[in-house]
Every structure is written in structure tokens, then in C-alpha cells.
Amino acid sequence: MSIETQIVDAVIVGAGFGGMYQLHRFRNMGLTTRVFDKASDVGGTWYWNRYPGARCDVESMAYSYSFSPELEQEWQWTEKYPTQPEILRYAQHVADRFDLRRDITFDTKVLSAHWDEGVGRWRVKTDGGETVEAQFLIMATGCLSAPKEIDIDGAASFRGPTYATHSWPHEGVDFSGQRVAVIGTGSSGIQTIPEVAKQAASMVVFQRTPNYSMPAQNRPLDPDEIAAMKAKYRDFRKAQRESGFGVPVPQPTMPAGMDTADGRQQKFQAGWDEGSLVAILTSYTDTLTNATANNYAQEFIRDKIRDIVDDPQTAEDLCPKTYPMGTKRPCLDTNYYATFNRDDVELVNLRRTPIECITDKGVKTTDAEYEVDTIVYATGFDAMTGALTRIDIRGKDGQSLRDVWADGPVSYLGLSISGFPNLFTVTGPSSPSVLSNMMVSIEQHVDWISDCIQWMNDQGHTVLEATPEAQEEWRAHVEVQGNLTLYPQADSWYMGANVPGKPRVFMAYIGGVGVYRVVCDSIAAQGYYGYVTDGASAMAAK
Ligand code: NA7
């Protein structure tokens, strides 16, 4: 049976926080919209990443939508840092409150999206056999949503159950009495290791690169502080939008080298006690740009690790030494380092003894075979580009996004790609995205995209495309900005370095969300500088 092709104004791929807000905006603009998501409900990253200990590293009252003051006032967060179940409940509440689900098709993957120049529409095909045509295509597919494939030999031969942090079973996992291996010590590993260790009979943690982590200092929220924030929410939101990371923090006043050793110790200690991802990074003006300044912060964290961890060799193995602090995503934890003081937890340093393969019984390194009952993979994502290139996206002249990005992603503002008309990426590569509070970046992108489409409709334009020249101008700017920092020195997922064969490109804009917003607003105010549009005569295409 063939299903008739539906024609709508917009297709949105993804029903996480980006896709949900975009749908809400489009509805208010009167656009007919279809949203597709492979999950069975809203929530995006928070739908999938249900591993024990999963929590946001941005404070709950800051990691929430600002577009509805009523929503802001009625929702009650319970902890300083929200857990995954609480964030998912929030997403579900938003879906209910704004009646979003009626335009979202769940359990459905978008397989391809091809631009049809003749009619000026995207032809979108799903694994449900449906074809939808849309004037606009919005990719709200998330920055960390395409899991990295397991690149360890023999993974399929293990006879016990395996779990991946990025797609955790909804019913949870009981690790009681189990010998558990955890592979990966990024943010997901660092959050889940202490929780699983509490349950398991024993645990072996396989660490390739140690991370800089700080205690989250999480705690229940006090009713008075909730009320105080709700009273000043409008001002707080403004400060978020104008900040660097989407989290208002005091501006640093001096380079680290100009402070005394005691002064530095006090500032770093204050950041450590505060339990904030950016506090130590923003203690000085040059922590992310000057190797010596960065080393002060590194040493502070390494000393903390040595203080917390009893066994000197384990402590040294947990100390990151091969890249500047902050250039791989730093982590917040709850009892991560102290977990290695448990008699039933062992750390294996894969730099000394690399994994050779997974066997039927467990994990084999160059030194030993570790027999376990269960393996947990916390091995990360094909970040920033994976969710986009895994869909067969073809723009003008049939050119494929995979080919266009073969040497690394290029994009105008992280919003548009030359050669791909009427396609917008929410928090795409070369926008601040992962270097910011995602909620702030998502709302800014969705608002900008919505305003742009409104402008097109008002002007009678039906097609808009970034020029190659403007895209190159932005690409070069992002590269220059990145090269002023220490970020390119790390083998991070920001650089694509975690996925074998992926081109090495710094994929985020480091100028800060406040500056970036000014740039985007200026581009809009100039009649969308860097874009070409069709004339009013092309209205017939719709
Ligand atoms: P990350 O941060 O990419 O961490 C993945 C971890 O898995 C990291 O420690 C990797 O070591 C390790 N890894 C990956 N592949 C292997 C293999 N083959 N062998 C051993 N170890 C491996 O992903 P997360 O899910 O923790 O966090 C992603 C983001 O989500 C996080 O930054 C937050 O923004 C939210 P490596 O460092 O590559 O040596």
C-alpha cells in the first residue's frame, strides 16, 4: 500500500529540547509541522541516557526553558543539579503543557532528506515508509546523540550482558552480586562508576585517558533559593544570554601568573567548593589560552586527586597530565575519585596495558584477562556531526552532506550549510553549542531560525541559502578563535579525535554565547548578510 506524500511547511528531526521548542515556535507562527524522533517519547539525550548517576552538569534552574515565564514559575526543581529522571519529567511536562505530541511521530527514524530544486522542498523519508515534503528542514538532532561504534576487537564474543550508557534499559539494571567492567572515563563513566560500584560485587574500570573532574557539591534546593531565583528570573535569563558559557559567572580580572600562589589556591579552592563546571576555568583570564596558566589549575586538581585517593599508583593513574584542563570536556562527579578507595574497585590504566580484545569471559589487556559478568560501555559519541551524517542528506545538485563534510564540518554560523537551502541545524558545528549551557544555545538558535523564516515569509522569499563566501568567512573566524586557545591540543571529541578516521577540526565556536548572539542578530539586521534568497516571483514554488 502506498502512503500519500504529505506536504507541510516544516519537518523537524528530533524531539529533544531543540525540536520541542522549534515546534512550539512554528505552531505560533501558523506553520504546519511534522516532527520525527526515533525515541518513543520526547526528551532527546535525556530519553536515552538513563544510566545510574546520569545528571546534568548545569544547575537545574539555569538548565530550563526561558521562553515561558509561566512554565518557569510553575515547575519545581528539587536539586541543584537535576537527575536524568527529573529532566525527562520536565520535558514530558512541557510536551503536555504545550500539547506538542500531536505533531510528533515517535519510534520513527528519518532515513533521508533530499532537496528537490524543482519544487523548492525537502523530500524526507522515514523508516516507517512515510514520505513528507517540507519547505523547511530543521535538524534538531543533538550534538551528542549518535553513539560511537565500539572499536574494540571481539566485543561480540562476550557471553554476559553488555550495556551502553547512551542507550540504557528503561527498566534499569540490577548489578547486585555482579563482577562489572566499565570501559570509558568521560562524563558518563565518571557519573555512573560510583553508583554501579555501590551495587556490584566488584568493578574493574578501564581508563584510557583520565579526566579532570570536580565534585558537583550537589544538594537539595532550598525553597527560599527557588523563590529568590523565581523572583529574579527575567534578569537571570538576560545575564545567561549575555554570558560566555550560558552560565553567568563573575568575569575574571587578571591572568593567573599575576596572582600569588596563595591567591590562586584560594580561587581554585572556591571553585572546587562551589561545584561548578566553569568556576575554575573562569578564575583567570588566560586559563584556556596560556599553557602555564592552565597548568596551575591542572596542578590544583591533581593535588586533590592525590589527597583523595589512598593508593599512590592509582592516584597517579587518575591524574590527567597529557592535555590542558578544560580542553576535553571537564566533569562534575559525586564521589568519583573516592570510589577507587573501595577494596572491590580496581583501575586499569590502558596507557600502560592496552586492551587487546574482549573475550567470551571479559576484557583482555596486554597484561591480564579480567573475568567479569557484565560490561558497561561508556565510550562516547560521534559528536556534533554523527547525527547529521548518518542521515542521507542531499542538497543542491544531489550533493551529499557526508561528501561535503568529508574533511570536517563546514557551516555558516552552525545554522546553515551552503548548498543546502532552507535547511537549518539547531546547535550545529561552529556554533557555541557544547561549550555552553545547551538550553541557552538551543533557544537562541530556534528563535533565530523562526525569525528568519518569518522574515522570509514577510518578504515573499521562499528559498534562502548561505553563500560559500560567508560560510568560509565564518569557518576561518571559528578556526582562528579556536587556535587562540588550548583546545586544539587535546584529542577530544570537540576535535573529532575520539572517532578513528574522523577529520581533526575544532567543531565549536569559542567566542561565547553573548558575542555569538550579537553576531547572529547583526546578520539578521543586515537583511541576512551572507545569505541569498529567491525573489517574490518564486512564491509559486510553495
Ligand atoms: P566521552 O567523554 O567521549 O568519554 C568516552 C570515554 O570512553 C573516554 O574515556 C574514552 O577514552 C573512552 N573510550 C572510547 N573508546 C575507547 C576504547 N576503544 N577503549 C578504551 N576507552 C575508550 O563520552 P561520554 O559519554 O562520557 O560523555 C560525552 C558527553 O556527554 C560529555 O562530555 C558531556 O558533554 C555529556 P579517550 O578519552 O578517548 O582516551
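Procedures and definitions
- Residues numbered from 1 in each chain as written.
- Predicted model: local features only at pLDDT ≥ 70, side-chain atom pairs only at ≥ 80, totals over all residues.
- Heavy atoms only, no water.
- Near = heavy atom within 4 Å.
- Polar contact = N/O pair within 3.5 Å; in protein donor to acceptor, adjacent residues only side chain to side chain.
- Areas by Shrake-Rupley, 256 points an atom, 1.4 Å probe, with all protein chains shown as cover.
- Nonpolar A, V, L, I, M, F, W, Y, C, P; charged D, E, K, R; others polar.
- Pairing = 2+ DSSP bridges.
- Helix = DSSP H or I, 4+ residues; strand = E, 2+ residues; numbered from the N terminus.
- Axes fitted to C-alpha atoms, helices over the stretch in contact; angles between N-to-C directions.
- Core = buried A, V, L, I, M, F, W, Y, C linked by side-chain atoms within 4.5 Å.
- Buried < 20%, exposed > 50% of the residue type's maximum accessible area, 1.4 Å probe, protein only.
- Domains from an automatic or database assignment.
- Expected span 1.5 Å × (residues − 1).
- Contact = heavy atoms within 4.5 Å.
- Parallel < 35°, antiparallel > 145°, perpendicular 65-115°, else oblique.
- Buried area = accessible area lost by both parts, 1.4 Å probe.
- Salt bridge = Lys/Arg side-chain N within 4 Å of Asp/Glu carboxyl O.

## Some points on the site of the ligand
In the neighbourhood of the ligand, 21 residues make up the surrounding shell, with Lys 148, Asp 151, Ser 188, Thr 209 and Lys 328 lying closest. Contacts to the ligand include Lys 148, whose side-chain N or O atom sits 2.8 Å from a nitrogen atom. Here an oxygen atom of the ligand and a backbone polar atom of Thr 185 are 3.0 Å apart. Against a free-state accessible area of 770 Å², the protein chains account for coverage of 88% of the ligand. Residues that form the shell around the ligand fall into these classes: 7 nonpolar, 8 polar and 6 charged.

## A closer look at the sheet that holds strand E13 (residues 355–358)
If you walk across this open sheet you meet the 3 strands as E13-E14-E15, and the pairing is antiparallel. What marks the edges here is a single partner per strand, and that holds for E13 and strand E15 (369–371). Averaged over all neighbouring strand pairs, the angle between strand axes comes to 20°, with direction disregarded. With 3 bridges connecting them, strand E14 (residues 362–365) and E15 associate as antiparallel partners. When the sheet's bridge partners are listed, Gly 362 is paired in E15 with Glu 371.

## Some points on the nonpolar core
By size, the foremost hydrophobic cluster in this structure holds 125 residues, and its most contacted members are Phe 17, Trp 448 and Tyr 531. A total of 10 residues in this core trace back to one element, the largest contributor, which is helix H14 (residues 438–459). Counting residues domain by domain, this core receives three or more from each of domain 1 (6–146 + 383–541) and domain 2 (149–209 + 348–380). If you look at the next biggest cluster of nonpolar residues, it comprises 21 residues, including Val 13, Val 110, Met 139 and Ile 391.

## As for helix H4 (residues 84–97)
The end-to-end C-alpha distance of H4 is 20 Å, a good match for the 20 Å that 14 residues give at a rise of 1.5 Å each. All of the buried residues in H4 are Gln 84, Glu 86, Ile 87, Leu 88, Tyr 90, Ala 91, Val 94 and Ala 95. For H4, the elements touching its buried residues are helix H1 (17–29), helix H2 (45–48), helix H3 (69–74) and H14. At the C-terminal side of H4, Asp 99 shows a positive phi close to 50°.

## Observations regarding H14
Because each turn of an α-helix spans 3.6 residues, side chains separated by three or four positions end up pointing in the same direction. An ideal rise of 1.5 Å per residue puts 32 Å on 22 residues; H14 measures up with 31 Å between its terminal C-alpha atoms. The buried fraction of H14 is high, at 16 of 22 residues. Gly 460 sits one or two positions beyond H14 and adopts a positive phi of about 80°.

## What to know about the packing of H14 against helix H16 (residues 513–525)
Running from amino to carboxyl end, H14 crosses H16 at an angle of 0°, the nearest separation of the two axes being 11 Å. With respect to H16, the element H14 is oriented roughly parallel. The residues of H16 that touch H14, namely those facing Val 440, Ser 441, Gln 444, His 445 and Trp 448, are Val 513, Tyr 516, Arg 517, Cys 520, Asp 521, Ile 523 and Ala 524. Taken together, the residues of the contact of H14 with H16 break down into 7 nonpolar, 3 polar and 2 charged.

## What to know about the domain arrangement of the protein
Segmenting the protein into domains produces domain 1 (6–146 + 383–541) and domain 2 (149–209 + 348–380). Relative to domain 2, the C-alpha centre of domain 1 lies at a distance of 33 Å. Facing the 11 residues of domain 1 at the interface are 12 residues of domain 2. Here domain 1 meets domain 2 over a buried area of about 1100 Å², counting both sides, of which 47% is carbon and sulfur. The largest share of the area that domain 1 buries against domain 2 comes from Arg 50, Tyr 51 and Pro 52, three residues that together contribute 49% of it. Here domain 1 and domain 2 share 0 salt bridges between them. At the boundary of domain 1 and domain 2, one finds 5 residue pairs in polar contact (both at pLDDT 80 or more).

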